[in-house]
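A closer look at the structure
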2 protein chains.
Amino acid sequence: MNTRAKRTLTLRDVSEASGVSEMTVSRVLRNKGDVSEATRQKVQDAAKRLGYVPNKIAGALASQRVNLVAVIIPSLGNMVFPEVLSGISDVLEDTALQPVVGVTDYLPEKEEKVLFEMLSWRPSGVIIAGLEHSEASRAMLMQAGIPVVEIMDVDGDPVDSCVGISHRRAGRMMAEEIINAGYRRIGFMGTKMPLDHRARKRFEGFTRTLAKAGVEIADQEFYSGGSALAKGREMTAKMVERTPDLDFLYYSNDMIGAGGLLYLLEQGIDVPGKIGLAGFNGVDLLEGLPLRLTTMDACRREIGVKAAQIIAAHNAGDLDPEPHLVTLEPTLSAGDTLRHKR
Amino acid sequence: MNTRAKRTLTLRDVSEASGVSEMTVSRVLRNKGDVSEATRQKVQDAAKRLGYVPNKIAGALASQRVNLVAVIIPSLGNMVFPEVLSGISDVLEDTALQPVVGVTDYLPEKEEKVLFEMLSWRPSGVIIAGLEHSEASRAMLMQAGIPVVEIMDVDGDPVDSCVGISHRRAGRMMAEEIINAGYRRIGFMGTKMPLDHRARKRFEGFTRTLAKAGVEIADQEFYSGGSALAKGREMTAKMVERTPDLDFLYYSNDMIGAGGLLYLLEQGIDVPGKIGLAGFNGVDLLEGLPLRLTTMDACRREIGVKAAQIIAAHNAGDLDPEPHLVTLEPTLSAGDTLRHKR
DNA sequence: GTGAAAGCGCTAACAC
DNA sequence: GTGTTAGCGCTTTCAC
């Protein structure tokens, strides 16, 4: 039952089984060049019968062409990145390219390692999250001789192309919305920042804009690890106890925002009457909550799509060597947890 | 600024830059064989200075060794699979092996395509979700000449090794628990089954066990697509209206269970007094809910760990060709939404 | 429409 | 400790 093959089949095996030269077999299997219908059939039959699986290692070495796109992201547990990936996959589906995913856990050293590892397979392009990389990583990206698209964020200095939103602007927009709505005693909750540059930039945009309106963050709390929903709940409980006069809570992601929302509703606190809430990302999950959390869409799918299109275009030979810079517009989704006062 | 290299560097470049033969350069870069400290330094300096990234394509072809493990799963959006992946990564981190992920979207044809694609890179092993594959996929797995571990499920006939839980048994256990607690009017909600064999098996185990106790499912509802939380909410609303005398709801996953829980609490319905609830998976998210949903742990991380260990052991040369069969025990986590009646 | 020869960039095996 | 030689399994190129 469990007869593992000892050797994998080669073109030569198919050639012998079909009585056609290796070269022609290769042509048939790649649909390349003109081959008579008769030989094509012979070859395809033999290949299928034997269960031949071409060796891409050899093919790639010979053709100097590897149809892989390295996609480097911080995490898979985040909801956000699987959505970006699905945008990428959908675009690459229609091309010869295939995405290969590497995960960095938000660690620059790991990013460097993953990048090195992936580049050693000579992919046709790189899509990588963020604009902040170690010197070595930047050097590798520039040396690689392939298109590079940095995604998610546009606040910085890209190596090559770039697709994303301005997180500073996103923070600013949300601050404006909150201030315009009349809230003044604002608390902030988010991840410990050094790890997550995009969250940091949103925070910066947020606080600066508040400052311009003469408002200062009244309280703040940071977390790392654990169930985000539970963390949101805990941090919110702690914060409303510590600073009871808060009238708004801004969360750096929807998951902790959802946790906070559930907690406040449970406590019978009037949202958004007594206290308003907002998150960030526009995740799917929010649709199932008792109230729709006010949030801001990060254009995740679209970012994936645009980035993949840039790589695909390069690969198709449209090598306009101009780096593309695509800035998408985050859109506020009003939700039920922010209401203009009076 | 944006000077893309036109050609990638080869061993030869490092060889020339360091004045050391290609072979010795290769040895240094792979930490293989004895090289004097002096030449080692010269080589490493040159490699670093040039920014050399080895070409694994060529290396793999020459050494007939590819340190990749193909990991084939149905979806990334599911919470469940990222956790399996993290178990796999943690184990492989300490080896020369690297996981490469392929996603099938629960479609057999896509599984076949992804598998073919991955096998053409000649990985050192395959970890693949489920025991149900097309004939062609099974044939490829057997032909590949590499260790194969089918994961998540053990109810079926594995190609080679297998690590998972019995989903029939999981369904049975939950049914027993519910019956023992005194519930009799039971509703079921889950995904449309043909796609998800494991959900189907849980359902089968569940209904059969109920049948033995003379109980039949009082109502059922299936969904596909959309936000699981929202779907759980909707389906629950529909079901409790349609069949008001239900005293228990069994959900095929925690996400829809959470949606149902939130809905019922909002309606002021007494959980678990008036109606009990249970889900499946033991996801992280549950920790942030108002009540802990009763659920069953699917041993996701552990499955990943065990599977990776099997592949790693093979790769390390412990090629006992005996297929491993590891059956893990799903454990009930009591939670707050199931209470023994009377 | 088909085949023969050369070689992609590296490493195994052996010589020195 | 270091160098030389011969491929790995394909594709490119060019000849027929």
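Residues numbered from 1 in each chain as written. Chains lettered and ligands numbered in written order. Predicted model: local features only at pLDDT ≥ 70, side-chain atom pairs only at ≥ 80, totals over all residues. Heavy atoms only, no water.

1. Comments concerning the pairing of strand S8 (residues 248-251) of chain B
Residue and element names in this part refer to chain B. Going residue by residue along S8, you find Phe 248 and Tyr 250 tucked away on one face and Leu 249 and Tyr 251 tucked away on the opposite face as well. As judged from the 4 bridges shared by strand S6 (residues 186-191) and S8, these two strands associate in the parallel manner. Across the sheet, the residue bridging to Gly 187 is Leu 249, located in S8. In the sheet, S8 pairs with strand S9 (residues 276-278) via 3 bridges, with the strands oriented parallel. (Buried < 20%, exposed > 50% of the residue type's maximum accessible area, 1.4 Å probe, protein only. Helix = DSSP H or I, 4+ residues; strand = E, 2+ residues; numbered from the N terminus. Pairing = 2+ DSSP bridges.)

2. Some thoughts on the protein's contact with DNA strand C
Taken together, 23 residues sit near DNA strand C, with Ser21(A), Arg27(A), Leu11(B), Ser26(B) and Tyr52(B) positioned nearest. Atoms of DNA strand C within 4 Å of the protein belong to the sugar or the phosphate in 67% of instances, the rest to bases. Within the contact set of DNA strand C, a base nitrogen lies 2.6 Å away from a side-chain nitrogen or oxygen of Arg27(A). A distance of 3.1 Å is found between a phosphate oxygen of DNA strand C and a side-chain nitrogen or oxygen belonging to Arg30(B). When residues of the surface near DNA strand C are traced back to their parent elements, those giving at least two are helix H2 (22-30) and helix H4 (56-63) of chain A together with helix H2 (22-30) and helix H4 (56-63) of chain B. Here the surface near DNA strand C gets 4 residues from one element, more than from any other, and that element is H4(B). For the surface near DNA strand C, a count of residues per class yields 9 nonpolar, 10 polar and 4 charged. (Near = heavy atom within 4 Å. Polar contact = N/O pair within 3.5 Å; in protein donor to acceptor, adjacent residues only side chain to side chain. Nonpolar A, V, L, I, M, F, W, Y, C, P; charged D, E, K, R; others polar.)

3. Things to note about the relation of the copies chain A and chain B
The relation between the two copies of this chain is a rotation about an axis and a shift parallel to it. The two copies are related by a screw motion: chain A maps onto chain B through a turn of 180° and a shift of 0.0 Å along the axis, at an RMSD of 0.1 Å. The transformation just described matches what one would write down for a two-fold rotation axis. Judged by C-alpha distance, Ile57(A) is the residue of chain A that lies nearest the rotation axis, at 2.8 Å. In this assembly, 100% of the residues forming the interface of chain A have copies in chain B that are likewise at the interface, indicating an isologous arrangement. (Least-squares fit on C-alpha atoms with pLDDT ≥ 70 in both. Contact = heavy atoms within 4.5 Å.)

4. Brief notes about the packing of H2(B) against helix H3 (residues 37-50) of chain B
Residues and elements named next belong to chain B. With their axes 10 Å apart at the nearest point, H2 and H3 run at an angle of 85° to one another. In terms of axis orientation, H2 runs roughly perpendicular to H3. In this structure, H2 uses Val 25, Val 28 and Leu 29 to contact H3, whose residues at the interface are Arg 40, Val 43, Gln 44 and Ala 47. Of the residues assigned to the contact of H2 with H3, the class counts are 5 nonpolar, 1 polar and 1 charged. (Axes fitted to C-alpha atoms, helices over the stretch in contact; angles between N-to-C directions. Parallel < 35°, antiparallel > 145°, perpendicular 65-115°, else oblique.)

5. Some points on the protein's contact with DNA strand D
By nearness alone, 23 residues border DNA strand D, and Met23(A), Ser26(A), Tyr52(A), Ser21(B) and Arg27(B) come closest of all. Between DNA strand D and the protein, one listed contact pairs a phosphate oxygen with a side-chain N or O atom of Tyr52(A) at 2.7 Å. Within the backbone of Leu61(B), one N or O atom sits 3.4 Å away from a base oxygen of DNA strand D. When residues of the surface near DNA strand D are traced back to their parent elements, those giving at least two are H2 and H4 of chain A together with H2 and H4 of chain B. For the surface near DNA strand D, the class distribution of residues is 9 nonpolar, 10 polar and 4 charged.

6. Side note on the pattern of salt bridges
All names here are of chain A. In total, this model carries 46 salt bridges over all chains according to the counting rule given. Between Glu 132 and Lys 201 there is a salt bridge; the shortest N-O distance is 2.8 Å. Taken together, the residues Glu 132 in the loop between strand S3 (125-129) and helix H7 (135-143) and Lys 201 in helix H9 (residues 197-212) connect sequence positions 69 residues apart. The buried category is assigned to Lys 201, whose relative accessible area is 1%. (Salt bridge = Lys/Arg side-chain N within 4 Å of Asp/Glu carboxyl O.)

7. A closer look at the interface of chain A and chain B
With 58 residues of chain A in contact, the opposing surface of chain B contributes 58 residues. Summing both partners gives a buried area of about 5300 Å² for chain A against chain B, and 61% of it is carried by carbon and sulfur. Counting across the chain A and chain B interface gives 4 salt bridges. Where Glu93(B) meets Lys110(A), a salt bridge forms, and the shortest distance between an N and an O atom there is 3.8 Å. If you tally residues by element for the side of chain A that touches chain B, the top one is H4(A), at 5 residues. The residue inventory of the side of chain A that touches chain B, partitioned by class, reads 35 nonpolar, 12 polar and 11 charged. (Buried area = accessible area lost by both parts, 1.4 Å probe.)

8. Observations concerning the pairing of strand S5 (residues 161-165) of chain A
Burial of S5(A) is extensive: 5 of the 5 residues sit out of reach of the surface. Neither face of S5(A) is exposed, since Ser161(A), Val163(A) and Ile165(A) on one face and Cys162(A) and Gly164(A) on the opposite face are all buried.

9. Quick word on the sheet that holds S8(B)
Residue and element names in this part refer to chain B. Taken together, the 4 strands give an open sheet; going across it, the order is S7-S6-S8-S9, and neighbouring strands pair in parallel fashion. Single-partner strands in this sheet number two, and they are strand S7 (219-223) and S9. On average, each strand axis in the sheet is tilted by 15° relative to the strand beside it, whichever way the strands run. Packing of helix H9 (residues 197-212) onto the sheet brings it into contact with S6, S7 and S8, and relative to S6 it is tilted by some 170°.

10. With respect to the nonpolar core
Of all hydrophobic cores here, the largest spans 104 residues; its most connected members are Ile151(A) and Ile151(B). What Ile151(B) contacts, discounting residues up to four positions off in sequence, is Val84(B), Ile127(B), Ile128(B), Ala129(B), Gly130(B), Val163(B), Ile303(B) and Ala307(B). Leu246(A), Leu249(A), Leu246(B) and Ala258(B) belong to the second-largest nonpolar core, a separate cluster that totals 51 residues. (Core = buried A, V, L, I, M, F, W, Y, C linked by side-chain atoms within 4.5 Å.)

11. Overview of the domain arrangement of chain A
Accessible area lost upon the coming together of the parts serves often as the stated size of an interface. Residues and elements named next belong to chain A. We note that the domain assignment places domain 1 (11-27 + 57-165 + 301-330) and domain 2 (167-297) within chain A. Computed over C-alpha atoms, the centres of domain 1 and domain 2 are 34 Å apart. In this complex, domain 1 contributes 14 residues to the contact, which on the side of domain 2 involves 17 residues. A buried area of about 1300 Å², summed over both sides, lies between domain 1 and domain 2, and 55% of it is on carbon and sulfur atoms. Its largest share of buried area at the contact with domain 2, domain 1 owes to Tyr 106, Asp 155 and Pro 330, together 37% of the area lost on that side. When the shortest N-O distance is used, the salt bridge between Asp 153 and Lys 201 registers 2.4 Å. Here domain 1 is connected to domain 2 by 8 residue pairs in polar contact (both at pLDDT 80 or more). For the side of domain 1 that touches domain 2, the secondary-structure elements that each account for two or more residues are helix H5 (80-93) and strand S4 (148-153). The class makeup of the residues in the side of domain 1 that touches domain 2 is 9 nonpolar, 1 polar and 4 charged. (Domains from an automatic or database assignment.)

12. Observations concerning the side chain of Ser227(A)
With respect to the helices and strands, the residue Ser227(A) is situated in the loop between strand S7 (219-223) and helix H10 (228-242). A residue is classified by how much of its surface remains accessible, and Ser227(A), at 4% relative accessible area, is buried. In this structure the side chain of Ser227(A) is engaged in a polar contact, spanning 3.3 Å, whose partner is the backbone oxygen of Asp284(B).

13. Considerations on the environment of Ala17(B)
Residue and element names in this part refer to chain B. Checked against the element boundaries, Ala 17 lands in helix H1 (residues 11-18). Among the residues examined, Ala 17 registers a relative accessible area of 37% and is labelled partly exposed. Placed 26 residues apart in sequence, Ala 17 and Val 43 show a C-alpha to C-alpha distance of 8.3 Å. Setting aside residues up to four positions removed in sequence, Ala 17 forms contacts with Ala 46, Arg 49 and Leu 50.

14. Focus: the sheet that holds strand S9 (residues 276-278) of chain A
Residue and element names in this part refer to chain A. Within the open sheet, the 4 strands sit side by side as S7-S6-S8-S9. Their pairing is parallel. The sheet is open, and its two borders are formed by S7 and S9, each paired with just one other strand. Across the sheet, the mean angle from the axis of one strand to that of its neighbour is 15°, orientation sign disregarded. Contacting strand S6 (186-191), strand S8 (248-251) and S9, helix H8 (residues 167-180) runs over the sheet at an angle of about 165° to S8.

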